[in-house]
2 protein chains.
Amino acid sequence: MFRSGDNQPMIQRRQRLLGSAYRLFYDEPLHVVRGEDVWLIDRDGRRYLDAYNNVPLLGHCRPEVVSAMSRQAGELNTHSRYLHEAILDYAEHLLGWFPDVLDRAVFGCSGSEANEFALRVARACTGKRGVLVTECAYHGTGFITSQLNGSFHGQRESWIATVPAPDFYRSNPESFLAGIDRAIEGLRRSGYGVAALLLDTAFTSDGIHLPPPEVFGAAVDKVRAAGGVFIADEVQAGFARLGEGLWGFQRAGLAPDLVTLGKPIGNGHPLAATIVRHQHLDAFSRDAHYFNTFGGNPVSAVVGRMVLEVFEQEKLADNARSTGRYLHQQLAQLADRHVRIGDLRGAGLMAALELVDGNAPDQAAAHQVVNAMRQRGVLISSEGPSDNVLKIRPPLTFRETHVDQLVAVLGECLALISSP
Amino acid sequence: MFRSGDNQPMIQRRQRLLGSAYRLFYDEPLHVVRGEDVWLIDRDGRRYLDAYNNVPLLGHCRPEVVSAMSRQAGELNTHSRYLHEAILDYAEHLLGWFPDVLDRAVFGCSGSEANEFALRVARACTGKRGVLVTECAYHGTGFITSQLNGSFHGQRESWIATVPAPDFYRSNPESFLAGIDRAIEGLRRSGYGVAALLLDTAFTSDGIHLPPPEVFGAAVDKVRAAGGVFIADEVQAGFARLGEGLWGFQRAGLAPDLVTLGKPIGNGHPLAATIVRHQHLDAFSRDAHYFNTFGGNPVSAVVGRMVLEVFEQEKLADNARSTGRYLHQQLAQLADRHVRIGDLRGAGLMAALELVDGNAPDQAAAHQVVNAMRQRGVLISSEGPSDNVLKIRPPLTFRETHVDQLVAVLGECLALISSP
């Protein structure tokens, strides 16, 4: 099965056409040709259990979504400066999933765009400039959102301040909150002030952390006391991913000023939204308009709405809770048996297994496990500041039988980890 | 036909759901339900000649594009960290439309994303920070691209410098080039240096200007001498819009370092690309990767490729040239007859009519004409620093019969302009 040479011509062609900035997953990259529910199928017909991709929220190639898209694309696809029902029906349905105070929806094409628009609103409604993010956050690929990422090398805009994530495995609540204090003070001294605290509510790229609500709330309170707003980035944690409520901020008992949505919102179609309180949007609108050529077009709108409908019909929030609970039970049993699993974190259908060698982050072990699992037909990945955290984040149609396959293969692969 | 009350409930619903940042076209907004070639159809079945939308390059709801999208969406839609033929076939086809030195394609979801990525590359490959744009440019809706826009109110990042557009109706070559000199000197003194000159090659939002190649070239030379790169924003001018060559930079005899593509590239599907020289991309890749969750996914890639195929099969570049020539001949006759047309500019299927009262820009007249045409079933819009420039920018399937209808209605409406 393992024919490492076969992909070489295609990899070289890719290098020649797309160039040096793109990366591929896995030592032996996967050449996929078809997707179906929780399965990715390669060119040899081999089926891989997809335990990594959150974008196909309803499963790959969901027929209802494909049909809705095709139908609308054959009728009309144009921008939002004409009146059309689809964007309104979608906005109404989507806003129904949020607390009443979050009462306006603004559409874009990617989570990056949603976060960048949220930051524009934050600046306008606070009159301040500074932005706080965690050290290893991921908030997008735009000019500014890329500078907010932990992976950014280079000179950041000086109004961006980073704080340690609330990593209670390697740290404590004080270091997160002390970091917030320091950042606020630094932005105050430099004259920028605090416009926004932007946080992924599951701290996914920081290694997946779910701090106690009182710690999370204390950070938000500090930022609000400094005059800033709280933007909840739900691109990864949202849509019931965490198995309890629809949004990560609800799980933490928070009331954000803005919420940003991306990845799973269109089941793969390029769509994103910023949910905002009308007071903040009105402050933005005093001096600016918003227009996004593709954002909220009729095709994107019917796709987004169909995602919500199928999600509700299939009670995927319930599945995220129940299958998520089963997943975490099974992973806990593995963690009990494997000394190299230093910590198990996450909730619902988002799980992190921190691999260690003694106490030290073991990036090599994570790399080995991720690739060994891929060879055995199960797809996950790794992340975190030391890239030693196994990240499990499947479509929400993942069932107990898929958990069993995932955990069995994971167990096999953990046993392979080279001895220290 | 004119029933201004009918749309009010929908406009109010829109205000309640989407809020204050969105705008609608026309005093009597258009409620569209269907699109077909160069026609938009409202809920009463009335057909409007679309002489404004460049996004449906091949005409609205082009069946070949809809079919390709639907077929691929039913098979696989995932990100670019797996191997897939579609993104490579598309990149190869697209790069074939560019000079050999522009040899890598990087994909995103919107022109904003393409421009923001180009600026990231510019910074990495020059080691400098400053960016030059024209005063009334439009380069997108991201955090930074929105600050590059003429419509931006607020405090720009201090490394953004603006220069007057090469407006030879109201100005002269010296003012554009002197502006470039001043901006370069300002960025040098502030320590930022010059990373990039980013220009829409038709200066569309500045009022549509096509400066002589030697003037355009002199500006680029000055920026290169200062260590910066030239980014050609072809989001509006590209895809043969100007009726001579595929790209605005070719018309001006320029060799850009990067080219950005958006709007028409997917005939309405959210897709964009940055075309870049491998040396510059390699400089970027030394410290960074690029990943865009939706950019270049298999669905977007087959859509983009089908757009290129239909464009070639139907010889739309030839049509842009011949129908564009006819359009400008007809508009020139109108301009001869109407003293309120101060200037006729543009080329191919992009035309600008500057409305004046004596010498002064006449925004009210432009507003009146645009709305009177909409009532008579022809859609255009206005733009420019004083919003007095009629902008004509139809799908590339526009034919002489459509030009006749457009020009007849335009003539009628010009006759309505209130006397000074």
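Residue indices begin from 1 for each chain and proceed along its sequence in written order. Naming scheme: in the order in which they are written, chains are lettered from A and ligands are numbered from 1. Selection of residues for local features in this predicted model requires a pLDDT of at least 70, selection of side-chain atom pairs for listing and counting requires 80 or more, and totals for whole chains, interfaces and linings are taken over all residues. The basis for every side-chain value is the complete set of heavy atoms in the structure, and neither hydrogens nor water enter the calculation.

Visitor: Which residues make up the overall build of chain A, and what values do they have?
Guide: Where helices and strands are cited, they refer to DSSP runs of H or I of at least four residues and of E of at least two residues respectively, numbered from the N terminus. Scanning chain A from terminus to terminus reveals 13 helices and 16 strands. The C-alpha atoms of chain A give 21 Å as radius of gyration, which agrees with the globular expectation for 420 residues (22 Å, within 12%). Each principal axis of the C-alpha atoms in chain A carries an extent, and together these give about 60 × 55 × 45 Å. For chain A, the residues scored as buried account for 67% of the 420 residues in total. Residue burial considers only the protein chains on display, and all accessible areas are found by Shrake-Rupley using a 1.4 Å probe. About 13,800 Å² of surface is accessible on chain A, with carbon and sulfur atoms providing 47% of the total. Charge assignment in this entry is limited to Lys and Arg as positive and Asp and Glu as negative, and neither His nor the chain termini are counted. By convention, the charge on Lys lies at NZ, on Arg at CZ, on Asp at CG and on Glu at CD. Counting 41 positive and 47 negative side-chain charges, chain A places the averaged centre of each group 4 Å from the other. Our radius of gyration looks at C-alpha atoms and nothing else; its globule reference is 2.2 Å times the residue count to the power 0.38. Throughout, exposure labels follow a simple rule: accessible area from a 1.4 Å probe, protein chains only, divided by the maximum for the residue type, with under 20% read as buried, over 50% as exposed, and the rest as partly exposed.

Visitor: Can you explain the relation of the copies chain A and chain B? Please cite residues and give values.
Guide: Each of the two copies of the chain can be brought onto the other by a rotation about an axis and a shift along it. Copies are brought into register by a least-squares superposition over C-alpha atoms of residues with pLDDT of at least 70 in both. In screw terms, the move from chain A to chain B is a rotation of 180° and a rise of 0.0 Å along the axis, fitting with an RMSD of 0.0 Å. Viewed as a symmetry operation, the transformation between the two copies matches a two-fold axis. It is Ser70(A) whose C-alpha, among those of chain A, lies nearest the rotation axis, at 2.8 Å.

Visitor: Which residues make up the interface of chain A and chain B, and what values do they have?
Guide: Residue contacts follow a heavy-atom distance rule, with two residues in contact if any of their heavy atoms lie within 4.5 Å. Contact with chain A, which involves 96 residues of that partner, is made by 96 residues of chain B. Buried area: the accessible surface (1.4 Å probe) lost by two parts on joining, summed over both. Each partner contributes to the roughly 8,800 Å² buried at the junction of chain A and chain B, and carbon and sulfur atoms together form 57% of this total. For chain A, the biggest contributors to the area lost against chain B are Tyr82(A), Leu83(A) and Phe143(A); these three give 10% of the whole. For salt bridges, the criterion is a side-chain nitrogen of Lys or Arg within 4 Å of an Asp or Glu carboxyl oxygen. Put simply, chain A and chain B have 12 salt bridges between them. We note a salt bridge from Glu92(A) to Arg16(B), for which the minimum N-O separation is 3.7 Å. Taken together, the elements giving at least two residues each to the side of chain A that touches chain B come down to helix 1 (8-17), strand 1 (32-36), helix 2 (63-75), helix 3 (85-95), strand 4 (104-108), helix 4 (111-126), helix 5 (143-147) and helix 9 (278-285) of chain A.

Visitor: Could you give an account of the sheet that holds strand 14 (residues 378-379) of chain A, naming the residues involved and the relevant values?
Guide: Residues and elements named next belong to chain A. Strand order in this open sheet of 4 strands is 1-2-3-14, and the pairing throughout is mixed. Of all strands in the sheet, those bounded by a partner on one side alone are strand 1 and strand 14. For two strands to be treated as a pair, DSSP must find at least two bridges joining them. Here strand 1 runs beside strand 2 (residues 39-42); their pairing, made up of 4 bridges, is antiparallel. Across the sheet, the residue bridging to arginine 34 is isoleucine 41, located in strand 2.

Visitor: Just give me the short version of the packing of helix 4 of chain A against helix 9 of chain A, but keep the residues and values in it.
Guide: Residues and elements named next belong to chain A. Under this scheme, a helix contributes an axis fitted over its contacting stretch, all axes are lines through C-alpha atoms, and angles between N-to-C directions fall in the 0 to 180 degree range. Between helix 4 and helix 9, whose axes approach to 8 Å, the crossing angle comes to 80°. Comparing their axes, helix 9 and helix 4 come out roughly perpendicular. Listed contacts from helix 9 to Phe117, Arg120, Val121, Ala124 and Cys125 of helix 4 are His280, Leu281, Ala283 and Phe284. Just so you know the grouping, Ala, Val, Leu, Ile, Met, Phe, Trp, Tyr, Cys and Pro go in nonpolar, Asp, Glu, Lys and Arg go in charged, and all remaining residues, Gly too, go in polar. For the contact of helix 4 with helix 9, the class distribution of residues is 7 nonpolar, 1 polar and 1 charged. Any angle that is under 35 degrees is reported as roughly parallel, and any over 145 degrees as roughly antiparallel; angles of 65 to 115 degrees are reported as roughly perpendicular and all others as oblique.

Visitor: Could you give an account of unusual backbone geometry, with specific residues and numbers?
Guide: Residue and element names in this part refer to chain B. Look at tyrosine 26: it is not a glycine, yet its phi comes out positive at around 75°. Tracing the sequence through the fold places tyrosine 26 in the loop between helix 1 (8-17) and strand 1 (32-36). Here cysteine 61, not a glycine, exhibits a phi torsion of approximately 55°, which is positive. Locating cysteine 61 in the fold gives a position in the loop between strand 3 (47-50) and helix 2 (63-75). Judged by its relative accessible area of 14%, cysteine 61 falls in the buried class.

Visitor: Describe in detail the pattern of salt bridges, supporting the description with residues and values.
Guide: Inspection of every chain in the model, using the stated rule, returns 52 salt bridges over all chains. Here Glu36(A) and Arg47(A) are joined by a salt bridge, their closest N and O atoms 3.4 Å apart. You can see Glu36(A) sitting in strand 1 and its partner Arg47(A) sitting in strand 3 (residues 47-50), a full 11 residues away along the chain. A relative accessible area of 34% places Glu36(A) in the partly exposed class. What makes Arg47(A) partly exposed here is its relative accessible area of 38%. Glu92(A) is paired through a salt bridge with Arg13(B); the nearest N and O atoms lie 2.9 Å apart. Within this pair, whereas Glu92(A) is found in helix 3, its partner Arg13(B) is found in helix 1, the two belonging to separate chains. For Glu92(A), a relative accessible area of 35% corresponds to the partly exposed category. According to the relative accessible area criterion, Arg13(B) is buried, its value standing at 16%. Residues joined in a network through salt bridges with shared partners are Arg13(A), Arg16(A), Glu85(B), Asp89(B), Glu92(B), Arg305(B) and Glu309(B).

Visitor: Can you explain the pairing of strand 4 of chain A? Please cite residues and give values.
Guide: Residues and elements named next belong to chain A. The element strand 4 is extensively covered by neighbouring structure, given that 5 of its 5 residues are classed as buried. Of the two faces of strand 4, both are covered, the one formed by Arg104, Val106 and Gly108 as well as the one formed by Ala105 and Phe107. With 5 bridges joining them, strand 4 and strand 10 (residues 272-276) adopt antiparallel strand pairing. Across the sheet, arginine 104 pairs through a bridge with valine 276, a residue of strand 10.

Visitor: Let's hear about the domain arrangement of chain A: which residues, and what values?
Guide: Frequently, the measure chosen for interface size is the accessible area removed from exposure when the parts meet. Residues and elements named next belong to chain A. Once the domains are mapped, chain A shows domain 1 (8-58 + 315-414) and domain 2 (63-313). Once you take the C-alpha centre of each, domain 1 and domain 2 turn out to be 25 Å apart. The partner domain 2 presents 30 residues to the 35 residues of domain 1 that form the contact. Summing both partners gives a buried area of about 2,500 Å² for domain 1 against domain 2, and 59% of it is carried by carbon and sulfur. At the boundary of domain 1 with domain 2, the tally comes to 1 salt bridge. Between arginine 170 and glutamate 354 there is a salt bridge, with its nearest N and O atoms 2.7 Å apart. Polar contact is defined as a pair of N or O atoms within 3.5 Å, subject to the rule that within protein one atom must be able to donate a hydrogen and the other to accept it, and that residues adjacent in sequence are counted only when both atoms are side-chain atoms. Applying the counting criterion to the domain 1 and domain 2 interface returns 15 residue pairs in polar contact (both at pLDDT 80 or more). What counts as a domain boundary in this text is fixed by an automatic or database domain assignment.

Visitor: Summarise the packing of aromatic side chains; cite the residues concerned and give the values.
Guide: By convention, a stacked pair of Phe, Tyr or Trp rings (six-membered ring in the case of Trp) has centres within 6.5 Å and planes under 30 degrees apart, an edge-to-face pair has planes over 60 apart, and any other such pair is tilted. If you walk through the whole model with that rule in mind, you get 34 aromatic pairs over all chains. Relative to Tyr26(B), the ring of Phe25(B) has its centre 5.7 Å away and its plane inclined at 50°; by these criteria the two rings are tilted. A connected cluster of aromatic rings, assembled from ring pairs, spans Trp97(A), Phe98(A), Phe239(A), Trp247(A), Phe249(A) and Phe311(A). As a reminder, the over-ring test applies to NZ of lysine and CZ of arginine, requiring each to be within 6 Å of the ring centre and within 35 degrees of the ring normal. The positively charged end of Arg81(A) is found above the aromatic ring belonging to Phe291(A), 3.8 Å away from the centroid.

Visitor: Explain the sheet that holds strand 14 (residues 378-379) of chain B to me, using residue names and the numbers behind them.
Guide: Pairing within the open sheet is mixed, and its 4 strands lie in the order 1-2-3-14 (chain B). The strands lining the two open edges of the sheet, one partner per strand, are strand 1 and strand 14 of chain B.

Visitor: Tell me about the confidence of the model for chain A, and please be specific about residues and values.
Guide: Residue-level confidence of the predictor, termed pLDDT, takes values from 0 up to 100. Per-residue pLDDT for chain A has a mean of 96; in total, 98% of the residues score no lower than 70. Complex prediction metrics read pTM 0.97 and ipTM 0.97.

Visitor: Describe in detail the pairing of strand 7 (residues 194-200) of chain A, supporting the description with residues and values.
Guide: All names here are of chain A. Of all 7 residues in strand 7, 7 are buried; the element is thus mostly enclosed. Pairing analysis gives 3 bridges linking strand 5 (residues 130-134) to strand 7, with the strands arranged parallel. Bridge pairing in strand 7 links glycine 130 to valine 194. When strand 7 meets strand 8 (residues 229-233), the two strands line up parallel, connected through 5 bridges. From the neighbouring strand, leucine 198 faces strand 8, where its bridge partner is isoleucine 231. The parallel pair strand 7 and strand 8 is bridged by helix 7 (residues 213-225), and the resulting crossover is right-handed. We call a crossover right-handed when, viewed with both strands directed away from the observer, the connection leading from the first strand over the helix to the second proceeds clockwise.

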